[in-house]
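Structural characterization, general
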Amino acid sequence: MVQRKRIMGALVTASVIMTLVAGCGAKTTETTAASTAPQATKAAEAAKAGDGKITVGFSQIGAESGWRGAETQSIQDTAKADPTIDLKFSDAQQKQENQIKAIRSFIAQKVDVIAMAPVVETGWEAVLKEAKDAKIPVILVDRGIDKKNEDLYTSFIGSDFIVEGQNAAKAMAQHLGDKGNIVELEGTVGASAATDRKKGFDDEMKNHPNIKIVKSQSGDFNRATGKQVMEAILKSPEGKDIQGVYAHNDDMALGAIQAIEEAGKKPGTDVKIVSIDGIKEAFEAVKAGKLNTVVECNPLLGPQLFQAAKDLKAGKQVPKWIKSNEDVFTGQKAIDALPNRKY
Ligand code: GZL
């Protein structure tokens, strides 16, 4: 009898505990349910606040490289996927005067935010002053302008090109065993990406006195031009004894690879190649043993651009420099990364 009472007592206790636990669980559920309430309220507040469309005018440089195409795709896809974004997109065909015209048109259309990838660093003062007078904030994307005009734009979204140049130089020194003659294929003359990649590379090369830059010339960030420039250098006296090529972007490196092969040499072996951007074709060239190191420069800036534009429209603070995170890919690391490359 006593035994039965004990068992009954235990069963009653257990059922009380079970109820309490279930009750906590319910409380957790309620809490969880409650925690979605603030989100729901936030959405309701946003709707009340008239979070309508935002109109962004974007002046794109052109379509000079695979990287540029990937950036355009990212910006257009981001806008297409978000019904609150009205994107006015203009392609300048690499001409600054077309960018200036496009910016003036965006001002006339009273867009909420003007964004641009400035083809070169200089010549923007007048038109950006007009944007400032019209109280339209300007966001620079992937390239910068003269430091003296920093007050004429709100934010720069892009990479640290000096670091990219330094990383390229460190990789080149490793591939060359710290000695040899190299050619530098520069990007568009006057473009911040070219100026700073050259500065970073040349600064780091001061630590490698047995590596000589025997020729440095612009290939305008373009594959065909990069190939032509490399062909001419290979035929020149300086081109007789070259151990490496540093290209400010993959497209010029891929052009140079063609020129080196047509000259009967093995790119990646006889001539080490280091380039910047990280387009898929460059990773494929590493896999084929024709390119040695790719320094990544992220073109997928659409999401960051429109988030910054929306924050500006909502009156929020936006950092002066929204820096891209990037990596350096050599050999097997590049080969392993290839299947996941997005551009
Ligand atoms: C870098 C960008 C450069 C790329 C090139 O942010 O401005 O311009 O490296 C492109 O491929 O032409």
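Preceding block: the structure.
Values in this document were obtained by computation on a predicted structure and should not be read as measured data.

Moving on to the pattern of salt bridges. Overall, the coordinates contain 30 salt bridges when judged by the stated rule. Here R143 makes a salt bridge to E64, at a shortest N to O gap of 3.8 Å. Linking R143 in the loop between β4 (138–141) and β5 (155–158) with E64 in the loop between β1 (54–60) and α2 (66–80), this pair joins segments that are 79 residues apart in sequence. The class for E64 is buried, based on a relative accessible area of 9%. Between K310 and D82 there is a salt bridge, with its nearest N and O atoms 2.4 Å apart. Residue K310 is located in helix α10 (residues 302–313), and its partner D82 is located in the loop between α2 and β2 (85–91); the two are separated by 228 residues in the primary sequence. By relative accessible area, K310 is classed as partly exposed at 29%.

Around the ligand sit 13 residues in total, of which E64, D142, R143, R197 and D277 are the nearest. Contact between the ligand and D142: an oxygen atom at 2.4 Å from a side-chain N or O atom of the residue. Look at the ligand: alone it shows 310 Å² of surface, and the protein chains cover 100% of it. Those elements giving two or more residues to the shell around the ligand turn out to be α2 and α6 (192–205). In this structure, the shell around the ligand is formed jointly by two domains, domain 1 (54–159 + 300–325) and domain 2 (161–297), each of which donates at least three residues.

Turning next to the packing of aromatic side chains. The geometry of an aromatic ring pair comes down to the distance between the two centres and the angle between the two planes. Taken as a whole and judged by the stated rule, the model has four aromatic pairs. Measuring from centroid to centroid gives 5.8 Å for F58 and F89, while their planes differ by 35°, and the two rings are tilted. Here F58 is found in strand β1, whereas its partner F89 is found in strand β2, with 31 residues between them in sequence. Exposure remark for F89: the relative accessible area of 28% places this residue in the partly exposed category. For the pair F156 and W321, a centre-to-centre distance of 5.9 Å together with 45° between the ring planes defines the contact as tilted. With F156 in strand β5 and W321 in strand β11 (residues 321–323), this residue pair connects regions lying 165 residues apart in the sequence. Look at F156 and you get buried, because its relative accessible area is 9%. Take W321: its relative accessible area is 37%, and that puts it in the partly exposed class. We note K323 situated over the ring of W321; from NZ or CZ to the ring centre the distance is 4.5 Å.

Below, the discussion takes up the sheet that holds β5. Pairing in this open sheet of six strands is parallel, and the strands run β2-β1-β3-β4-β5-β11 from one edge to the other. Looking along the sheet, the strands with just one partner apiece sit at the ends: β2 and β11. On average, each strand axis in the sheet is inclined to that of its neighbour by 20°, with strand direction left out of account. In this sheet, β2 lies alongside β1 in parallel orientation, the contact comprising seven bridges. From the neighbouring strand, S59 faces β2, where its bridge partner is S90. Taken strand by strand, α10 contacts β1, β2, β3 (113–116), β4, β5 and β11, and its axis lies near 135° from that of β1.

In this section: the sheet that holds strand β12 (residues 328–330). The six strands lie next to each other as β7-β6-β8-β9-β10-β12, forming an open sheet whose pairing is mixed. Edge positions in the sheet fall to β7 (211–218) and β12, since each has one partner strand and no second. In this sheet, adjacent strand axes meet at a mean angle of 15° when their direction is disregarded. Where strand β6 (residues 180–186) meets β7, seven bridges bridge the pair, whose relative direction is parallel. Note that in β7 the partner of G180 across the bridge is I211. Set on the sheet, α6 makes contact with β6, β7, β8 (244–247) and β9 (272–277); between it and β6 the angle comes to about 165°. Along the sheet face, helix α8 (residues 250–262) touches β6, β8, β9 and β10 (293–296) and points at about 155° away from the line of β9.

What follows deals with the environment of F283. Considering the arrangement of structural elements, one finds F283 in helix α9 (residues 280–287). By relative accessible area, which is 0% here, F283 ends up buried. Between the alpha carbons of F283 and L338 there is a distance of 6.0 Å; along the sequence they are 55 residues apart. Those residues within four positions of F283 in sequence are excluded, and the remaining contacts are G278, V294, F329, A334, A337, L338 and R341.

Cut-offs and rules
Residues numbered from 1 in each chain as written. Predicted model: local features only at pLDDT ≥ 70, side-chain atom pairs only at ≥ 80, totals over all residues. Heavy atoms only, no water. Salt bridge = Lys/Arg side-chain N within 4 Å of Asp/Glu carboxyl O. Helix = DSSP H or I, 4+ residues; strand = E, 2+ residues; numbered from the N terminus. Buried < 20%, exposed > 50% of the residue type's maximum accessible area, 1.4 Å probe, protein only. Near = heavy atom within 4 Å. Polar contact = N/O pair within 3.5 Å; in protein donor to acceptor, adjacent residues only side chain to side chain. Areas by Shrake-Rupley, 256 points an atom, 1.4 Å probe, with all protein chains shown as cover. Domains from an automatic or database assignment. Phe/Tyr/Trp six-rings, centres within 6.5 Å; stacked < 30°, edge-to-face > 60°. Lys NZ or Arg CZ within 6 Å of the ring centre and 35° of its normal. Pairing = 2+ DSSP bridges. Axes fitted to C-alpha atoms, helices over the stretch in contact; angles between N-to-C directions. Contact = heavy atoms within 4.5 Å.

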